[in-house]
Amino acid sequence: MEMHTQPHKKHHFGVQHCCLISLFIFTFFTTTTTQAFDYADALSKSLLYFEAQRSGRIPYNQRVTWRDHSGLTDGLEEGVDLVGGYYDAGDHVKFGLPMAFTITMLSWSAIEYRQQIEDAGELEHTMEAIKWGTDYFIKAHTSPNVLWAEVGDGDTDHYCWQRPEDMTTSRRAFKIDENNPGSDLAGETAAAMAAASILFRKTNPHYSHLLLHHALQLFEFGDKYRGNYDASVGVVKSYYASVSGYMDELLWAATWLYKATDNKMYLQYVISNAHTFGGTGWSISEFIWDVKYAGLQLMVSKLLSEEKHKKHRDILEQYKSKAEYYICSCLNKNNDSNNVERTPAGLIYVRQWNNMQYVSTAAFLLSIYSDFLQSTNQKLNCHGGTVDHEEILNFAKSQADYILGSNPMNMSYLVGYGPNYPKRVHHRGASIVSYKKNKGFIGCTQGYDNWYGSQAPNPNVLVGALVGGPDGKDNFEDRRNNFMQTEACTYNTAPLVGVFAKFLHIENQKLVHDCNSHLVASFK
């Protein structure tokens, strides 16, 4: 089994040598009593996953060595260069909406926890993962009112079980434009590019400016020519249909553009459309690639702490009450019927299909809301009682730790982390011998016959992938054809980058604190 990770890095930069002994004692006792998790390792591995999902020409510094170039003629039929970007999951379609959401979440993770990611030595890998997506969006946005929405189609793709390097399926590309609008896709892509532009501002100002330029145009296009993208790109309906419509994405994009530009026009958009677009109307207890309300409401409510937003307090408070509905719902502190279900072992459980996507986004939103309450010295008032920032953070940690192995199956649902993780991930490339080892062509049916049906573990470990996860009773079956549970998606892992960085930082702070108290004790 091939499993490629980077060389071990020094993660605990702030921890002095005196801590080595206490670190050993700490690790020994915590592993014998409660489970202690290596968030540094989890963070590193989560970023490796994006390299496994790359489409296009693989760069010289690629760390996931079982992958090679693929999709090098994408866009050729249409006369556009659409080489690059990410495969969303275990197949080889490049779906614009989940890809854009993945990049928004990676960028948001790095905006909120930049210092923590940098302290862990992973900022460069995070920026590379984001840029791989934004480089593609720049290519896909060929003119102000044209955005290429998809390359390949799910139906023909699903007939084949092939490595991306051998791909023989249709690579037809689909676009949105003035006559075929897609405000949700244009909005999410604008949000991704605006968020990324904030990150690149210091290190690559020219690139940051370019991203912002595209984001502004895409938002204008999405707002002016309104419609759901799945009505214009029919082939996406069975895979990534826009159930929530486009209003959440337009508000979400405007919020990110306000954050990126400080231009009051975008704040005004979020305020004046708050009611008609559902921003202050929808109480939602899930946050995913399709439904942005909870993330948007949380971002907007953070504006309340700034003096300059005082005149919009009424509307901002309404956004905040909806954000708090989401948080209280995750904590089981709403009225009974309005809480998110949990498995017997305490995992957030929304749906049987790829449930972990709801868990990783919840852990992220809970973490940053906890930070917000702590920094503004506030508490959260839910129907079921008052909650402080620590309780919110502890619940987020319980979800992250469940993912890493604190569960009845003793299974890490982050592939490649810990001793026990899914070995038969539903993923074409990982389940077939690496192209680097065997360059012989493997056709559609040959892939199904020889690899898909095999009981053997995947020959390549899809390190850092967060699979769909267990059912509502905490049970999990590690079978390749059990795609509800064993398929992983880019947007499952993206929020975990911020979550793992946050908890690694907390662990490091504890070590430094423990260390200092040991020093004082021995000095006396």
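Residues numbered from 1 in each chain as written. Predicted model: local features only at pLDDT ≥ 70, side-chain atom pairs only at ≥ 80, totals over all residues. Heavy atoms only, no water.

## A few points about the pairing of strand β2 (residues 147–151)
Across the five residues that make up β2, a large majority, five, are buried. Note that strand β1 (residues 94–95) and β2 share two bridges and pair antiparallel. Looking at β2, one finds that F95 is bridged to E150. (Buried < 20%, exposed > 50% of the residue type's maximum accessible area, 1.4 Å probe, protein only. Helix = DSSP H or I, 4+ residues; strand = E, 2+ residues; numbered from the N terminus. Pairing = 2+ DSSP bridges.)

## Here's the deal with the pattern of salt bridges
In total, this model carries 24 salt bridges according to the counting rule given. For R351, the salt bridge is made with E286, and the minimal N-O distance between the two is 3.1 Å. Of the two residues, R351 sits in the loop between β5 (348–349) and α15 (356–375) while E286 sits in the loop between α12 (264–272) and α13 (293–301), which places them 65 residues apart along the sequence. A salt bridge links D371 to K502; the nearest nitrogen and oxygen atoms lie 2.7 Å apart. Of this pair, D371 sits in helix α15 while K502 sits in helix α20 (residues 490–523), placing them 131 residues apart in sequence. Exposure class is identical for D371 and K502. Each is buried. (Salt bridge = Lys/Arg side-chain N within 4 Å of Asp/Glu carboxyl O.)

## Observations regarding the confidence of the model for the protein chain
This prediction gives the protein chain a mean pLDDT of 91; 92% of its residues lie at or above 70. For residues 2–33, every residue scores under 50 in pLDDT, and the model assigns this stretch 54 contacts once sequence neighbours within four places are set aside. (pLDDT = per-residue confidence, 0-100. Contact = heavy atoms within 4.5 Å.)

## Points about helix α5 (residues 123–140)
An α-helix turns once per 3.6 residues; consequently, residues spaced three or four apart project the same way. Taking 1.5 Å as the rise per residue, α5 with 18 residues should run 26 Å; its terminal C-alpha atoms sit 26 Å apart, in good agreement. Regarding α5, the residues found buried are L123, H125, T126, M127, A129, I130, W132, G133, T134, Y136, F137 and A140. (Expected span 1.5 Å × (residues − 1).)

## With respect to the environment of L47
Positionally, L47 belongs in helix α2 (residues 39–52). A residue is classified by how much of its surface remains accessible, and L47, at 1% relative accessible area, is buried. When the C-alpha positions of L47 and Y240 are compared, they lie 24 Å apart, and in sequence the two are 193 residues distant.

## A few points about the UniProt feature "active site" (unreviewed entry) in the protein chain
Taking the numbering used here, the UniProt-annotated feature "active site" (unreviewed entry) corresponds to H426. Its place among the elements puts H426 in the loop between α16 (389–404) and α17 (428–431). (UniProt positions renumbered as here; feature names shortened; annotations may be inferred.)

## Things to note about the state of the cysteines
Scanning the entire structure with this criterion turns up two disulfides. In this model, C160 is linked to C444 through a disulfide, with the two sulfur atoms separated by 1.6 Å. Handedness here is read from the sign of the S-S torsion; for C160 and C444, about 45°, the answer is right-handed. Residue C160 is located in the loop between α6 (154–157) and β3 (173–176), and its partner C444 is located in helix α18 (residues 444–452); the two are separated by 284 residues in the primary sequence. (Disulfide = S-S within 2.5 Å.)

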